[in-house]
Amino acid sequence: LTRLDVFFDTYSRLYPTDDMKLNAIVGCFPPNSTAQQWYDSDGGRRSMTTYVEFKRKFESRFGATAADVAKYQRDFFHVQQGRNESVGSFYTRYLQLLSEMTAIGKPVDSVTQIARFVDGLLPALRTNVSRIHRHNPTMTLDDVASDAEMEEKAKLTPKPPVKPSVRGIQTKTKPKHC
């Protein structure tokens, strides 16, 4: 699975959709292998709609390798919002990582979920979102993501132009004494 992830990350333009990824997986298994038979069965390809779902089912059937577990943990604990990535896109990617952590038997508690999400935001957003969350610790991950999106929108919304003031050059003159 680690190799598949690397492959799909490298060739993301060739395989942009889950359906394309799922169709490409067919050639990854040795012919007549247990994995190939499972993938061709009713419990395999026909029952899956996303690549994450495939990985979850594959790992539950065949087990995750130590390399897969290490990769998922590394990806989760080092996730960062890309410089040109929207908060919504980052949140979707983050939720996928959370799903992968659960699939490998390493579920993440809600406090850590929120902390990692906030830490992964761009610095310009992280400060205010962190401040908002500190003042309301009962917020859910969805609440925090929603606040991050509002913060992003506020930062991207252009401010109305300020009318320049007309100032003449004033010279200081000494007062005349009478």
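Residues take numbers from 1 onward in each chain, read along the sequence in its written order. Local features in this predicted model are restricted to residues whose pLDDT is 70 or higher, and side-chain atom pairs enter the listing and the counts only when it is 80 or higher, whereas totals over whole chains, interfaces and linings include all residues. Water and hydrogen atoms were dropped before computing side-chain values, which therefore reflect all heavy atoms in the structure.

**Overview of helix α6 (residues 87-103)**
In step 1: Counted at 1.5 Å a residue, the expected span for α6 with its 17 residues is 24 Å, and the 24 Å between its end C-alpha atoms agrees.
In step 2: Each residue is placed in one exposure class: buried if its accessible area under a 1.4 Å probe, protein chains only, is under 20% of its type's maximum, exposed if it is over 50%, and partly exposed if it falls in between. By definition, any uninterrupted DSSP run of H or I lasting at least four residues is a helix, any uninterrupted run of E lasting at least two residues is a strand, and each is numbered from the N terminus. Every buried residue belonging to α6 is among Val87, Phe90, Tyr91, Tyr94, Leu97, Leu98, Ser99, Glu100 and Met101, and all of these are buried.
In step 3: Two residues form a contact once any of their heavy atoms are found within 4.5 Å. In this structure, the buried side of α6 is in contact with α4 (51-62), α5 (66-77), α7 (110-120), α8 (123-135) and α9 (141-156).
In step 4: One or two positions beyond α6, positive phi appears at Gly105, with a value near 80°. Helix span, expected: 1.5 Å multiplied by one less than the number of residues in the helix.

**Quick word on a nonpolar patch on the surface**
In step 1: Only residues above 30% relative accessible area that lack a salt bridge enter a patch, with like-charged residues linked at up to 9 Å and the nonpolar side chains Val, Leu, Ile, Met, Phe, Trp and Tyr linked at up to 5 Å. Here the accessible surface of atoms and residues is derived via Shrake-Rupley with a 1.4 Å probe, and residues count as covered only by protein chains that are part of the display. One speaks of a salt bridge when a side-chain nitrogen belonging to Lys or Arg is within 4 Å of a carboxyl oxygen belonging to Asp or Glu. A cluster of nonpolar side chains, namely Phe7, Tyr11 and Leu14, defines an oily patch on the protein surface of about 300 Å² accessible area.
In step 2: Its place among the elements puts Leu14 in the loop between α1 (2-10) and α2 (18-25).
In step 3: Looking at Leu14, the relative accessible area reads 57%, which means it is exposed.

**Considerations on the pattern of salt bridges**
In step 1: For the coordinates displayed, the defined rule picks out seven salt bridges.
In step 2: Asp5 is the partner of Lys71 in a salt bridge, and the nearest nitrogen-oxygen pair spans 3.9 Å. Taken together, the residues span a long stretch of sequence, with Lys71 in helix α5 and Asp5 in helix α1 at a distance of 66 residues. You'll find Lys71 and Asp5 in the same group, each marked buried.
In step 3: The shortest N-O distance in the salt bridge between Asp119 and Arg116 comes to 3.4 Å. Of this pair, Asp119 and Arg116 are both found in helix α7, three residues apart, which corresponds to roughly one turn of the helix.
In step 4: Here Arg116 falls in the buried class, since its relative accessible area comes to 12%.
In step 5: Each of Asp5, Lys55, Lys71, Asp75 and Glu100 takes part in salt bridges that share partners, so that together they form one network.

**Topic: α5**
Owing to its 3.6 residues per turn, the α-helix aligns residues three or four sequence positions apart on the same side.
In step 1: In a regular helix each residue adds 1.5 Å, so twelve residues correspond to 16 Å; α5 covers 16 Å between its end C-alpha atoms and thus fits that length.
In step 2: All buried positions along α5 are accounted for by Asp68, Val69, Lys71, Tyr72 and Phe76. Along the long axis of α5, the arc covered by the buried residues comes to 165°, so they all point the same way.
In step 3: Where α5 is buried, its residues contact α1, α4, α6 and α7. Here the arc refers to the set of directions running from the helix axis out to each C-beta atom.

**Concerning the layout of surface pockets**
In step 1: Put simply, the grid is 1 Å and covers the protein atoms alone, a cavity is a trapped set of points that fit a 1.4 Å probe, a pocket is an open set with protein on both sides within 12 Å along at least five of seven lines, and lining residues have an atom within 4 Å of a point. Grid points are joined across faces, edges and corners, and a volume is the space filled by probe spheres set on the points. When its volume is computed, the largest pocket comes out at roughly 500 Å³.
In step 2: The wall of the largest pocket is formed by 20 residues, among which Asp9, Arg93, Gln96, Leu97 and Glu100 lie closest to the centre.
In step 3: Elements with a minimum of two residues in the lining of the largest pocket: α1, α2, α4, α5 and α6.
In step 4: Take the lining of the largest pocket: its biggest share by element is four residues, from α6.
In step 5: Residues are grouped as follows: Ala, Val, Leu, Ile, Met, Phe, Trp, Tyr, Cys and Pro are nonpolar; Asp, Glu, Lys and Arg are charged; every other residue, Gly included, is polar. Broken down by class, the residue content of the lining of the largest pocket amounts to seven nonpolar, four polar and nine charged.
In step 6: Along the walls of the second largest pocket sit Leu1, Thr2, Arg3, Leu4, Cys28, Phe29, Phe58, Thr65, Ala67 and Asp68, which together make up its complete lining.
In step 7: Considered class by class, the residues forming the lining of the second largest pocket number six nonpolar, two polar and two charged.

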